[in-house]
Amino acid sequence: MDRSWMYKFRGSKEYENGLDKLLDIAFEKESVNGKIVCPCKNCKLGDWVDRVTAKDHLTYHGFLNGYARWFVHGEASSSTRPTYDLGDNFDNGNDMQGILHDGICFGRVENYSDDNDGDGIPGDEEPNNDAKCFYELLKNAEKELYPGCKKYSQLSAIIRLFHIKCLNRVSNKGFTDLLEFIKDAFPVGETFPKSYYEAKKMIRGLGLSYNKIHACLNDCMLYRKEYENHTECHVCKTSRYLGDKDSDAVGEALSKKKKKVPAKVLRHFPLIPRLQRLFMSSKTASFMRWHEEGRTEDGYMRHPADSPAWKTFDFRNRDFAEETRNIRLGLTSDGFNPFRSLNVHYSTWPVVLIPYNLPPWMCMKQEYFFLSLLIPGPTMPGNNLDVYLEPLIEELKLLWEVGVNTYDASMNRNFNMRAALLWTISDFPALANLSGWSTKGEFACPSCHKDTCSRWLWYSGKHCYMGHRRFLASDHPFRKDKRSFNGFEEHDKAPSQLSGDMVLRELDGHTHTFGRLNNDNRKLPYNWKKRSIFFELPYWKGNILRHNLDVMHIESNVCESVLATILGLDKSKDHAKARDDLQEMGIRSELHPIVDEYGKRYYPPPCFLMNRAEKEIFCGVLKQIKVPDGYSSNISKCISKKPPKIFGLKSHDNHILMQQLFPLALRRVLPKQVRAPLIDLCNFFRGLCSKVLHARELIQLERWIALTLCHLERIFPPSFFDIMVHLPIHLATEARLAGPVQYRWMYPVERYLSTLKAYVRNRSRPEGSIAEGYLVEECVVFCARYLDDVETRSNRATRNHDGNIDTRVELPIFVNPGRHLRGVNIVNWDVDTMKRAHQYVLFNCEIVQPFLSEHREMIRNQNPRLRIRDIERIHNETFASWFANQVQNMDFVNERGISDELRSLAQGPNFIGKRYKGFIINGIRFHVKEIEQRRKTQNSGVVVIAKTTSYSSANDRNPVIGDVTYYGVLKEIVELEYFLSRKVVLFKCDWVGQGRMQRQDENGFTIVDLSRPMNTGEPFILASQAQQVFYAEDPIDKGWHVVIKTAPRDCFDMDRREEIDVEDYLLSETCTGDISDDNEEIRWVREGVGGTATTNNMIIY
């Protein structure tokens, strides 16, 4: 199929003809209720639109980058799905046929045929339970909600009500009360159920089920397969049931009269039917091929499919990779307290699967998280987690070795679906349970393995993990620097990566018996506690990354350690015992405790400790800073300036601090030898968390973090380097193997655990509440994909959604995709404001560019001796009037086919316009400076990169044209209205350009003087040109502000970039040369700060 027209000008005839042909095919083969999935850049295959809207979107926005094969729009489709007669009486826009077809027919009623009798039962056989469920749902889909109702059937109404319940988290009791009110208010003959319980039974057939598997109270075994009918554990001999202590005949007779209660129940949610439903649903099937057909391939990593781990797996398993629909999965598990009460010790462990075939904007959403196992409390399974993973591992083995016959609704054919597990995602303690490698003790690092460099601190009573000089180049001067480090030279090499074959060799011949009461297992080598059950998967040992280190918790712990230590808080790593460890190690004698003649111990102040004034500056910056709306929580609530301290930070607060705010607050405090490596540490995490990565950048980050940690070793005491401070050395390597961290960290998982916790209604049966709540939510999420014109989790607009575009316009300048906020003020423009605004509109309109060149050339010909600068001045002053006359003359002689919109543009705007206080554009929320005085957020910072002509002098005849970055503060949001109700929104700002009002400080920050804006004749920019920054006031230089750039949330950069050859980069001077670093001698004692005494083993400054 010809695609060349896609790259033509979108206003050309070729583009229009090609687009019409594509829409003809799409609406013939893939439309649902007259709508298709829109493939424009804004909708990103996420919204269902009609033909007119689809054409408008693709004309004004263009196609989604990377969408070169139209797999969602009929290119691979050859037939249509079967239909069922649900009657013509209901017209509510909801696809009940699609719900029943995709959720039931191909899911379980495989032998259904249109050749049935009047009762809808095929042949003369009695239908099975699944078929009965299907026919009952068909009956409910045809039943009127009340006599004469033409809009909703009984089934569609109940689905809508359940959707409202789940979206707004209405309680079960509240839902029942609502049903009772509706039944009372509606006419006689209504068919609403009486209660939540009846309504749930009605839609249960649309969902999937789960299995209950009894488990040993001591986590020794599951009562399944050959042990299914056993009444006691074959390992510890504990009874299967609670309170089952009667062994005589009387006890047995009594026990038969009442239902026995199992000691523990594992809830298993079968994975296979849930994966099948992704393909059986016409709404999601095509997206399961995105990883192969839709992603951008330019050497950058935006998705796990771009990573070496994915590609290596495909290379080793070519038969699996040949079928693009085969599924790659990630597994995550973590414990949580379901009671929302810290004084109750209870831990429930869900095991969740994540399919990675989906595109980035769908992949990590909760709608596509599959709860596979729900492991009961009250105690965590710990090392016995493998016992509960057995049912899941069996499913994964079946999906790998055999596969499952599955119907693909997007291609209308069956295929053999297979699946493979790529890696696990967990916090650091749970990594030990999943991998079998203990994350405590001498060999705590699972990446360094047996080569972990650790040392026992006798006074602090813990291990420290230093030795980061191993990761430097072999000739780096730090390797021979004994005094600045641990008193020894470093000659070891960096540890090699641990492969699956190496693990199996180390554990060969070792067995492990599970159970909390079992103490008979012999000690395994190094830190091994077991052979992980994942090695039963045939491909697992070949995966190059099996267990991910969680960036979320590592970053949070590092942030807490650094803050506590430099501020001298209660959790500081610099305490009396840490100084005793320094003395015991024989290093940094300047910091050893000093004992006077009276036996009193004094501790010199270290170089990394802030004095009182610096603490106030540091906390003051964090306390006063305002960030954009939705950027973070209100961190200022966790900051106290007097006394200076930080408390109550959440994981995401620590993330925001490390990414942007921590370096900002460090600018004016601490010596440079301390400040610089801390800022480098923050820059490392910011680079690591980028949504688009390249191997070249990650190789640089690997070398950067090694050098940064070495600098920190020279500054902080050994007690500072716990395992969490050591782990960042491996994060860049893992990102180079597995791609962006957003697909492998715990943030979305932690939010999902919070959702599961909200399902708990019965505190005596928390796991049962979670299981039932999950099934209802799963059913409603599936049905919500078929609800048209209804806000659902999958289609509801984000908070900063731009709004709908004006589809009537032809010129792009009038498109205006944004939407205004707050009230509207009608104003009369003064002549100067209107002239400047209109001039900027003309100079930035693509269709006007030929007129601009013509007018500039005319001035040059009329005034051949004028300087270029004067020509530009005359051009700017006279173009608008000349353009209006030119268009009028052309219109009179009927040249070039003048359009109404061009005529409207030439006539200029109306003197009456609108002024707004807020505006959303490009997914960013802007507010004028005026309203920020009473807000905790800052949304008035604007940055724009503009082509600017620079002159060296007034007589310069060779000016330089280049991109210049301008920073500004938004003062007004104005809307100009032209003839035919065409509108343009502009931002009026106070600007600061390059020169004396903008500079770089010694820490690499851009700082600007907002107190003295430029006196420019062009204060306006188009709203669509604006990007957002926010400013932090310098605590010392008044009027100067530090610039921090931001990016809109939920924005995925899928544009193709210039490809980079990594092998050439590895040989280049940029990579092989030394990273710039400061090797000057460290001054460990802070000058100007007095010594301190110890109290209760803490150093009080």
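I will try to describe carefully the structure that is included in this document.

So, how was this worked out
- Residues numbered from 1 in each chain as written.
- Predicted model: local features only at pLDDT ≥ 70, side-chain atom pairs only at ≥ 80, totals over all residues.
- Heavy atoms only, no water.
- Disulfide = S-S within 2.5 Å.
- Axes fitted to C-alpha atoms, helices over the stretch in contact; angles between N-to-C directions.
- Helix = DSSP H or I, 4+ residues; strand = E, 2+ residues; numbered from the N terminus.
- Parallel < 35°, antiparallel > 145°, perpendicular 65-115°, else oblique.
- Left-handed = near helix turned anticlockwise from the far one by under 90°.
- Contact = heavy atoms within 4.5 Å.
- Phe/Tyr/Trp six-rings, centres within 6.5 Å; stacked < 30°, edge-to-face > 60°.
- Buried < 20%, exposed > 50% of the residue type's maximum accessible area, 1.4 Å probe, protein only.
- Pairing = 2+ DSSP bridges.
- Polar contact = N/O pair within 3.5 Å; in protein donor to acceptor, adjacent residues only side chain to side chain.

### Here we look at the state of the cysteines
Turning to step 1, where the next piece is worked out: Under the defined criterion, the tally for this structure stands at 0 disulfides.
Turning to step 2, where the next piece is worked out: Between Cys216, a cysteine without a disulfide, and Cys236, which holds the nearest cysteine sulfur, the sulfur-to-sulfur distance is 3.6 Å.
Turning to step 3, where the next piece is worked out: Distance from the sulfur of Cys445, which forms no disulfide, to the nearest cysteine sulfur (Cys448) is 3.7 Å.

### With respect to the packing of helix α21 (residues 672-688) against helix α24 (residues 728-738)
Turning to step 1, where the next piece is worked out: For the pair α21 and α24, interaxial distance at closest approach is 11 Å and the crossing angle is 25°. As judged from the angle between their axes, α21 and α24 are roughly parallel. Along this stretch, α21 crosses α24, giving a crossing that reads as left-handed. From α21, Phe684, Phe685 and Leu688 reach across to α24, where they touch Pro728, Leu731, Ala732 and Ala735.

### Considering the packing of aromatic side chains
Turning to step 1, where the next piece is worked out: Scanning all chains against the criterion turns up 37 aromatic pairs.
Turning to step 2, where the next piece is worked out: Arranged with centres 5.7 Å apart and planes meeting at 75°, the rings of Phe843 and Phe879 form a pair that is edge-to-face. In this pair, Phe843 is assigned in helix α27 (residues 831-843) and Phe879 in helix α29 (residues 868-893), connecting sequence segments 36 residues apart.
Turning to step 3, where the next piece is worked out: Ring plane angle 35° and centroid distance 5.9 Å describe the contact between Phe879 and Trp882, whose orientation is recorded as tilted. One end of the pair, Phe879, and the other, Trp882, are both in helix α29, 3 residues apart, so they sit about a helical turn from each other.

### Thoughts on the pairing of strand β24 (residues 1006-1009)
In regular strands, side chains alternate between the two faces of the sheet.
Turning to step 1, where the next piece is worked out: The alternating pattern of β24 places Thr1006 and Val1008 and Ile1007 and Asp1009 on opposite faces, both of which are buried.
Turning to step 2, where the next piece is worked out: Both strand β23 (residues 998-1000) and β24 contribute to a ladder of 3 bridges, which runs antiparallel. Its bridge partner being in β24, Arg999 is matched across the sheet by Ile1007.
Turning to step 3, where the next piece is worked out: Here β23 folds back onto β24, and the loop between the two strands holds 5 residues, one of which, Gly1004, carries a positive phi near 90°.

### Structural notes on the side chain of Thr1006
Turning to step 1, where the next piece is worked out: When you line up the elements, Thr1006 lands in strand β24.
Turning to step 2, where the next piece is worked out: Looking at Thr1006, the relative accessible area reads 15%, which means it is buried.
Turning to step 3, where the next piece is worked out: Here Gln1000 takes part through its side chain, which lies 2.8 Å from a polar atom of the side chain of Thr1006.
Turning to step 4, where the next piece is worked out: Ignoring anything within four residues of it in the chain, the contact list for Thr1006 reads Tyr967, Gln998, Arg999, Gln1000, His1041, Val1042 and Val1043.

### Description of the sheet that holds strand β5 (residues 327-333)
By way of backbone hydrogen bonds, the strands of a sheet pair with one another, either parallel or antiparallel.
Turning to step 1, where the next piece is worked out: Ordered in space as β3-β4-β7-β6-β5-β10, the 6 strands form an open sheet in which the pairing is mixed. The outermost strands of the open sheet, each flanked by one partner alone, are β3 (211-215) and β10 (419-425). Taken over all neighbouring pairs, the strand axes of this sheet differ in orientation by 25° on average, direction set aside.
Turning to step 2, where the next piece is worked out: Relative to strand β6 (residues 349-355), β5 runs antiparallel, the two being bridged by 5 bridges. Counterpart to Gly330 in the pairing with β6 is Ile354.

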